[in-house]
Structures are given as C-alpha cells and as structure tokens.
Amino acid sequence: MYKYILKIISDDLYEELENKNLTVVEDNFGGEPSFYIYTDERIDDFLKGINVDFNVEILEDADWQNYWKKFLKPSMLTEGVSCYYDENEKIPASQSIKLVPAMAFGTGTHPTTRLSAALIRDLTDGRSFLDVGCGSGILSILAFVSGARTIYSFDNDPAAVLNAKINMQLNGMSCNSLWCGDFRSLQKNVCFDVVCANIISSVLYEINQSLLEHAKSDIILSGIMKNEIDEFINTFNFGDYNVENIIFEDNWAALRIKK
C-alpha cells in the first residue's frame, strides 16, 4: 500500500484524481491542510505528468486504513459542539458528536466542514434539512443536535453512506432518510428549508439547478477556495436567492444564500 502526500490541491486536480478513481483524504491533522492518496499501485508517473509535487511512503502495516487515524484528535466543530473519536479524549462542550472516521469522508477538522457547521448551527432548529454529499454524516448529525425537524442525506459513494449510517446510529439519530444516490433520487416537487452542499466548487456548478429546485429558503455552499470566491459569486446562478453571509477559514470560503 502506498501513501501519497500532497501539500496543495485544486479543483482541476480533484477532477483528474476522480477520473483515475483515486480518493483524496483531506484534513488538518497537523494544523495545516494536508492531502493524502492511498493506493495499491504506484502513481508517480501520473502525478509527475500533471505537474504535482508529492512525497510517497510505503505502508507495510496490513491495517493501513487505521494508519492515519492516530493523528485524529477531538476538536470543536463549531460553537458549543465538539467532535471526538474516543470516549477518553472527549472535549467538554454543550453537545458532542462521536465519529468513526473513515477514508475521505470527513472528520470535522477540515475548514470546509467547520465553515458549513458555523452556518448550519443556528439555521436548522425546527426546519427540514438536506445534506448533499453527506460523507461521514457529520453535518446531518449537527443538524440533528441543532434541532432540525427532518433530515435527509445522500452520497453517491456506498462506502460513505455506510460510514454515515454508523455515525448517525452512534449519535442516536435515525438513518431512515439516508441513501446512496444523487438529486435524481428526489421527486421534483420535494423541497427542504435548508439545503447544504459541502463539495468542491466544480461540482457545485454541476448541481446548481438542482440546489435551487429543492430548496425552500436557505442554501449553504462550502468547498469554495478563497481565491475563487469572487468569480464564484459572479458566475454561479443564484436564481431568486441573495447572498446573506460569506465566511472564511484558511484558504476556504463558504456562503449562505437566502430567498
């Protein structure tokens, strides 16, 4: 098993990797963004061919999926809500979310997740919520502990959905409205008070119309690089929505739009 370490990644590179069926593990284990690719085959030539700087390690440990988990520490997801992975390392907070970390699905330490969480926290009480590309389910669980009335979550990766199901059950949340699929799984007339999509900006453009069609009032968009935010605001179709809030962390931006 090989572990490739990249310091910088772009939307274009994400797409290149997806086309090669390579998944990126993205987190802030050391306080700075790091990007990992785990693969059974060497991809040196591929990365060199697209001018990507990288380091590579050979993992001898058969339990390689747990190799990176030792770096995970409890953290504050947003005000009043912590995330933890071990009962013995739980951070005191008014509410806590327990996660079983899995490859690439979100551990709550990445800026795009925290930005989404900051916008979700005070927006979901008593309302319906749709989590687009739910990954580990962390934002759905946050909506749950923040008082959302109904929560629907989907991801197009079956492994992510399995991980989300485990995490939802760990936190006492029903996973009856969790499924593997995309917007085509929803009827056209089904709408939600709050729709959240924490996905890279190139995918946000692809699902632009679907986001507008299935939202009643508020849409949260995260996964946009800070240096792209002006172009994103000028080119994304907001329909009848207005930009209500834009927040930043490190090199990332997220925004809330409201009808």
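You'll find the structure just up there.
Summary of the structure given here. All figures in this text were calculated on a predicted structure; none of them were measured in a lab.

**Let's talk about the sheet that holds strand S6 (residues 81-84)**
Then comes step 1: Within the open sheet, the three strands sit side by side as S5-S6-S7. Their pairing is mixed. Two strands close off the open sheet at either side, each with one partner strand: strand S5 (75-78) and strand S7 (95-98). Each strand axis lies, on average, 35 degrees off the axis of its neighbour in the sheet, ignoring direction.
Then comes step 2: In this sheet, S6 lies alongside S5 in antiparallel orientation, the contact comprising three bridges. Looking across to S6, one finds that Thr78 is bridged to Val81.
Then comes step 3: Against the sheet, helix H4 (residues 138-145) makes contact with S5, S6 and S7, and its axis sits at roughly 150 degrees relative to S7, the strand it touches most.

**Some words on unusual backbone geometry**
Trans peptide bonds make up most of the peptide bonds, and negative phi angles are found at most residues other than glycine.
Then comes step 1: The backbone phi angle of Asn51 is positive, close to 60 degrees, even though this residue is not glycine.
Then comes step 2: Despite not being glycine, Asp250 has its phi angle at roughly 50 degrees, a positive value.
Then comes step 3: Looking at the secondary structure, you find Asp250 in the loop between strand S13 (242-249) and strand S14 (252-258).

**Here's the deal with the pattern of salt bridges**
Opposite charge on two side chains permits pairing when their charged atoms draw close.
Then comes step 1: Under the criterion given, the structure shown has seven salt bridges.
Then comes step 2: The salt bridge partner of Asp218 is Arg256, with a shortest N-O separation of 2.9 Å. Residue Asp218 is located in strand S12 (residues 215-225), and its partner Arg256 is located in strand S14; the two are separated by 38 residues in the primary sequence. Residues Asp218 and Arg256 agree in their burial class; the two are buried.
Then comes step 3: One salt bridge in this structure joins Asp218 and Lys258, with 3.6 Å as the shortest N-O distance. With Asp218 in strand S12 and Lys258 in strand S14, this residue pair connects regions lying 40 residues apart in the sequence.
Then comes step 4: What makes Asp218 buried here is its relative accessible area of 0%.
Then comes step 5: Linked through salt bridges whose partners overlap, the residues forming this network are Arg127, Asp218, Arg256 and Lys258.

**Quick notes on the environment of Ile233**
Then comes step 1: By secondary structure assignment, the location of Ile233 is in helix H8 (residues 229-235).
Then comes step 2: With ten residues separating them along the chain, Ile233 and Val243 place their C-alpha atoms 8.6 Å apart.
Then comes step 3: Once residues within four sequence positions are removed from consideration, Ile233 is found in contact with Phe238, Ile246 and Leu255.

**Points about the nonpolar core**
Then comes step 1: In terms of nonpolar packing, the biggest core is built from 43 residues, with Leu130, Val132, Leu211 and Leu221 touching the most fellow members.
Then comes step 2: Considering each element in turn, this core owes the most residues, four residues, to S12.
Then comes step 3: Apart from the residues lying within four places of it in its own chain, the contact partners of Leu211 are Val132, Phe183, Val195, Ala197, Leu204, Ile219, Leu221 and Phe236.
Then comes step 4: Ranked by size, the runner-up nonpolar core spans 35 residues in total, among them Leu72, Tyr85, Val145 and Ala148.

**Structural notes on the sheet that holds S13**
Then comes step 1: One open sheet holds the seven strands; their spatial order is S10-S9-S8-S11-S12-S14-S13, and the pairing between them is mixed. At either end of the open sheet lies a strand with only one pairing partner, and these are strand S10 (178-180) and S13. Recorded for the sheet is a direction-independent mean angle of 15 degrees between the axes of neighbouring strands.
Then comes step 2: The pairing of strand S11 (residues 192-198) with S12 spans six bridges and is parallel. Looking at the pairing, Val194 lines up with Asp218 of S12.
Then comes step 3: The strands that helix H5 (residues 158-170) touches are strand S9 (150-155) and S10; relative to S10, the one it contacts most, it runs at about 165 degrees.

So, how was this worked out
- Every residue gets a number counted from 1 within its own chain, in the order that chain's sequence is written.
- Local features are withheld for residues below a pLDDT of 70 in this predicted model, meaning they are given only at 70 or higher, and side-chain atom pairs are given and counted only at 80 or more; totals for whole chains, interfaces and linings count all residues.
- Excluded from the side-chain calculation are hydrogens and water; included are all heavy atoms of the structure.
- Should DSSP find at least two bridges between two strands, the strands are regarded as paired.
- Put simply, DSSP H or I for four residues or longer makes a helix, DSSP E for two residues or longer makes a strand, and each gets a number counted from the N terminus.
- Lines are fitted to the C-alpha atoms to define the axes, a helix being fitted only along its stretch in contact, and any angle between axes, read from their N-to-C directions, falls within 0 to 180 degrees.
- Residues are treated as being in contact if the distance between any of their heavy atoms lies within 4.5 Å.
- Between Lys or Arg on one side and Asp or Glu on the other, a salt bridge is scored when a side-chain nitrogen of the former is within 4 Å of a carboxyl oxygen of the latter.
- A 1.4 Å probe rolled over the protein chains alone gives each residue an accessible area, and that area as a share of the maximum for its type sets the label: buried under 20%, exposed over 50%, partly exposed in between.
- As used in this record, nonpolar core signifies buried Ala, Val, Leu, Ile, Met, Phe, Trp, Tyr and Cys residues forming a set joined through side-chain atoms within 4.5 Å.

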